[in-house]
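One-letter residues, chain by chain:
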Amino acid sequence: MPKHGKNYNNSAAKVDSAKLYTPKEAMTLVKELASAKFDETVEVSIRLGVDTRKADQNVRGSISLPHGTGKTVRVAVFAEGEKAREAEEAGADIVGSDELVAQIQKGEINFDAAIATPNMMAKVGRIGKILGPRGLMPNPKLGTVTMDVAKMVSELKAGRVEYRADRYGICHVPMGKASFDVDKLVENYAALYTEILRVKPSSAKGKYVKSVAVSSTMGPGVKIDSSVTRDFLAE
């Protein structure tokens, strides 16, 4: 077991590990236990009863959180001509074609999310081995391969997040900062959890949501009652 510091242990002592908290109780507690000197990220972990080795049980997608993540997202767009101009006007941080591919091949990756127009994917494919492992590869299923680059730039800047069940069936998703109001954290959680329930694979057997926990960057996990699927702001 990893050793934790005094602050973590003090915080963990305030969490009832046997209790399932309502979303509002959980977010209140996570805010209270965030003791770092920086604004900690609040992350939810949802353990699903899916077998991600089976293609029809992959849970993956993206969603725009109502209150964003509190993080400044740097967006790169692979586009040319009119679409490049649209991306720049929408606030993209980096826009380019061959020169952007060359930068990335040199290891210069100065962005958190990437978008590409469909005609650029042959070029982007050359750097797939660099972008893929970092989760930066544009993907049609996530809406990041699109002709509507301006809309996607705006959504990513506003707080669009990706969710993806890992090989253990767990989705780890950032959904705000410890400085957010409790209600905003709950509303972000409600949007994400409702989306996860919506995309349940029809082939998944048994209990779909096995457990839900939320924590801040440096804080302990707080278990959320996964049976709460509406009235998320109830005490």
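Heads up: the structure comes first, above all this text.
Residues numbered from 1 in each chain as written. Predicted model: local features only at pLDDT ≥ 70, side-chain atom pairs only at ≥ 80, totals over all residues. Heavy atoms only, no water.

1. Digging into the sheet that holds strand β3 (residues 75-78)
Working definition: the strands of a sheet are paired by backbone hydrogen bonds and lie parallel or antiparallel to each other.
Part 1: Spatial strand order, β4-β3-β5: three strands in an open sheet with parallel pairing. Looking along the sheet, the strands with just one partner apiece sit at the ends: β4 (94-96) and β5 (113-116). Strand after strand, the sheet turns through a mean of 15° between neighbouring axes, direction not considered.
Part 2: Summarising the sheet, β3 and β5 pair through four bridges and their orientation is parallel. Across the sheet, residue Phe 78 finds its bridge partner in β5, namely Ala 116.
Part 3: Against the sheet, helix α4 (residues 98-105) touches β3 and β4, its axis set at about 125° to β3. (Pairing = 2+ DSSP bridges. Helix = DSSP H or I, 4+ residues; strand = E, 2+ residues; numbered from the N terminus. Axes fitted to C-alpha atoms, helices over the stretch in contact; angles between N-to-C directions. Contact = heavy atoms within 4.5 Å.)

2. Concerning the sheet that holds strand β7 (residues 170-177)
Part 1: In space, the four strands of this open sheet follow the order β7-β1-β8-β9, with antiparallel pairing throughout. Every other strand in the sheet has two partners, leaving β7 and β9 (222-224) as the edge strands with one partner each. The sheet shows a mean angle of 25° between the axes of neighbouring strands, direction not considered.
Part 2: Of the pairings in the sheet, the one linking strand β1 (residues 41-48) to strand β8 (residues 209-216) comprises seven bridges and is antiparallel in character. Across the sheet, the residue bridging to Val 42 is Ser 216, located in β8.
Part 3: Packed on one face of the sheet, helix α2 (residues 23-33) meets β1, β7, β8 and β9 and runs near 165° to β9.

3. Quick notes on the layout of surface pockets
Part 1: Size it by volume and the largest pocket reaches roughly 620 Å³.
Part 2: Together, 25 residues line the largest pocket, and Asp 112, Arg 160, Val 161, Glu 162 and Pro 174 are the ones closest to its centre.
Part 3: For the lining of the largest pocket, the secondary-structure elements that each account for two or more residues are β2 (60-64), β5, β6 (160-164) and β7.
Part 4: Looking at the lining of the largest pocket element by element, the count peaks at five residues for β6.
Part 5: The residue inventory of the lining of the largest pocket, partitioned by class, reads eleven nonpolar, six polar and eight charged. (1 Å grid on protein atoms, 1.4 Å probe; cavity = no way out; pocket = protein on both sides within 12 Å on 5 of 7 lines; lining within 4 Å. Points joined across faces, edges and corners; volume = space filled by probe spheres on them. Nonpolar A, V, L, I, M, F, W, Y, C, P; charged D, E, K, R; others polar.)

Functional significance is not addressed by these values, which are geometric in nature.
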